[in-house]
Amino acid sequence: MSGHIESETVAAEAVDGRTAELAANLAELNKRIGAACHSAGRDPASVRLLPVTKFFPASDIAILHRLGCQEFGESREQEATAKVADLSELSNVRWHMIGRLQRNKARIVARWAHAVHSVDSERLAMALDGASRAALDAGERIDPVRVLVQISLDEDPGRGGVAPEELAALADRVAAAPGLRLAGLMAIPPLGVNPAVAFARFAGLHARLLADHPGALELSAGMSGDLESAIEHGSTCVRVGTALMGARPITSA
Ligand SMILES: *Cc1c(COP(=O)(O)O)cnc(C)c1O
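Owing to the predicted nature of the structure, the values given are computational and were not obtained by experimental measurement.

Undergrad: Looking at this structure, I do not really get the site of the ligand. What am I missing?
TA: Taken together, 12 residues lie around the ligand, and K54, S224, G241, T242 and R248 are the ones closest in. In the environment of the ligand, an oxygen atom lies 2.5 Å from a nitrogen or oxygen atom belonging to the side chain of S224. Contact distances for the ligand include 2.6 Å between an oxygen atom and a side-chain N or O atom of T242. Within the complex, the protein chains bury 91% of what would otherwise be the 390 Å² of accessible surface of the ligand. For the shell around the ligand, the class distribution of residues is 6 nonpolar, 3 polar and 3 charged.

Undergrad: It is not clear to me how helix α2 (residues 58-66) should be interpreted in this structure. Could you clarify?
TA: Owing to its 3.6 residues per turn, the α-helix aligns residues three or four sequence positions apart on the same side. With 7 of its 9 residues buried, α2 lies for the most part within the structure. Positive backbone phi, at 110°, marks G68, one or two positions downstream of α2.

Undergrad: I would appreciate a short explanation of the nonpolar core in the present structure.
TA: Nonpolar side chains in soluble globular proteins tend to end up buried together. Formed by 65 residues in total, the largest nonpolar core has its most connected members in V116, L128 and V149. The leading source of residues in this core is helix α1 (residues 3-40), at 6 residues. If sequence neighbours within four positions are ignored, V116 has contacts with M97, L101, V109, L128, V145, R146, V147 and L148.

Undergrad: Whenever I open this one, the pairing of strand β3 (residues 94-97) confuses me. Can you help?
TA: Looking along a regular strand, one sees side chains alternate from face to face of the sheet. Alignment of strand β2 (residues 71-74) against β3, held across 4 bridges, turns out to be parallel. Bridge assignment links F72 to a residue of β3, and that residue is W95. Remark: the β2/helix α3 (residues 77-86)/β3 crossover connection has right-handed handedness. In the sheet, β3 pairs with strand β4 (residues 113-119) via 3 bridges, with the strands oriented parallel. Looking at the pairing, M97 lines up with V116 of β4.

Undergrad: What is the right way to read unusual backbone geometry from this model?
TA: Backbone geometry follows two general trends: most residues other than glycine have a negative phi, and most peptide bonds adopt the trans configuration. Although it is not a glycine, F55 adopts a positive phi angle of roughly 75°. Of note, F55 is situated in the loop between β1 (48-51) and α2. A positive phi angle, close to 55°, is found at N92, a residue other than glycine. In this fold, N92 is placed in the loop between α3 and β3. Owing to a relative accessible area of 60%, N92 belongs among the exposed residues under this scheme.

Undergrad: Please clarify how the state of the cysteines should be interpreted in this entry.
TA: Each disulfide consists of one covalent bond between the sulfur atoms belonging to two cysteines. One pass over the full model with this rule turns up 0 disulfides. With no disulfide of its own, C69 lies closest to C237 among cysteine sulfurs, the gap being 12 Å. Residue classification places C237 among the buried positions, given a relative accessible area of 1%.

Undergrad: How should the environment of S121 be read in this particular structure?
TA: Topologically, S121 is positioned in the loop between β4 and α5 (122-137). Note: C-alpha distance between S121 and L167 (46 residues apart in sequence) is 9.3 Å. Of note is the side chain of S121, whose polar atom sits 3.0 Å from the backbone nitrogen of L124.

Undergrad: Help me understand the pattern of salt bridges in this model?
TA: Pairing is possible between side chains of opposite charge, provided their charged atoms come close. Counted by the stated rule, this structure contains 16 salt bridges. Taking the shortest distance from any N to any O, the salt bridge between R18 and E21 comes out at 3.3 Å. Highlighted residues: R18 and E21, both in helix α1, separated by 3 residues, approximately one helical turn. A relative accessible area of 39% places E21 in the partly exposed class. Close ionic contact of E77 with K105 constitutes a salt bridge, the shortest N to O distance being 3.8 Å. Taken together, the positions of E77 in helix α3 and K105 in the loop between β3 and α4 (106-112) put the pair 28 residues apart, joining distant regions of the chain. Counted as one network, the salt bridges with shared partners bring together R48, E71, R146 and E218.

Undergrad: Help me out: how do you make sense of the packing of aromatic side chains in this one?
TA: Any pair of aromatic rings gets described here by the distance separating the centres and the angle formed by the planes. A complete count under the given rule lists 2 aromatic pairs for this structure. Pairing F72 with W95 gives two aromatic rings, centres 5.7 Å apart and planes at 40°, and the pair type is tilted. Taken together, the residues F72 in strand β2 and W95 in strand β3 connect sequence positions 23 residues apart. The residues F72 and W95 share a single accessibility class, namely buried. Between R76 and the ring centre of F55, over which it is positioned, the NZ or CZ distance is 3.9 Å.

Thresholds, definitions, all that
- Residues numbered from 1 in each chain as written.
- Predicted model: local features only at pLDDT ≥ 70, side-chain atom pairs only at ≥ 80, totals over all residues.
- Heavy atoms only, no water.
- Near = heavy atom within 4 Å.
- Polar contact = N/O pair within 3.5 Å; in protein donor to acceptor, adjacent residues only side chain to side chain.
- Areas by Shrake-Rupley, 256 points an atom, 1.4 Å probe, with all protein chains shown as cover.
- Nonpolar A, V, L, I, M, F, W, Y, C, P; charged D, E, K, R; others polar.
- Buried < 20%, exposed > 50% of the residue type's maximum accessible area, 1.4 Å probe, protein only.
- Helix = DSSP H or I, 4+ residues; strand = E, 2+ residues; numbered from the N terminus.
- Core = buried A, V, L, I, M, F, W, Y, C linked by side-chain atoms within 4.5 Å.
- Contact = heavy atoms within 4.5 Å.
- Pairing = 2+ DSSP bridges.
- Right-handed = clockwise from strand over helix to strand, strands pointing away.
- Disulfide = S-S within 2.5 Å.
- Salt bridge = Lys/Arg side-chain N within 4 Å of Asp/Glu carboxyl O.
- Phe/Tyr/Trp six-rings, centres within 6.5 Å; stacked < 30°, edge-to-face > 60°.
- Lys NZ or Arg CZ within 6 Å of the ring centre and 35° of its normal.

Structure below.
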């Protein structure tokens, strides 16, 4: 056997090992989501699992795609843009930008993002609107960018999010922007706060948003450690990194 074939065998075994690991983690997560929906009296089809693949290689995304995942969350523009290019052959993939976004990156992200979960200012919303319209005109996308307004319950600007009292005005701006579609809310519980308390507040804010914008149905809330509580409080999309992919090499926001 030549060294070339041996190394191919080793690579194939590594892929098989990772496939088995990701498949097991996916099954476990679907069980957790199912159980949480059951206790909350919700239809499991009303909660989507969004794999968060930041810091993990494009090859992992290709494996997840073979396992049936079609939506992926990324939080860093450069890394995401590179992976989107690497994986352009995968069919029916929807990319979600879930991390902090600088206005000067709106044009790039509008080329690939199905949805942006982290819109937290009118300036960013307007930049994304212009970017989305340019991408639509250029044939780089076919739908407006779906926007989830990120809400914050703390005053920490480093973690992003708009304050609750500014939510209505920002949502109105997004809803009126031709390049955007207001899809709902995204929420991250503040550090050091009981997540259940935070998720209950997010649910109240979402209900108020829905009264003005009945189409803004998405509540993107819940991560590896707190998805059960988020589901109990109406999450429609849990963004899961660690419990699916394993520990990230570096901690991140
Ligand atoms: C990384 C990240 C996640 C996933 O967090 P885990 O705790 O690893 O599941 C979810 N949401 C956002 C915005 C993230 O940046």
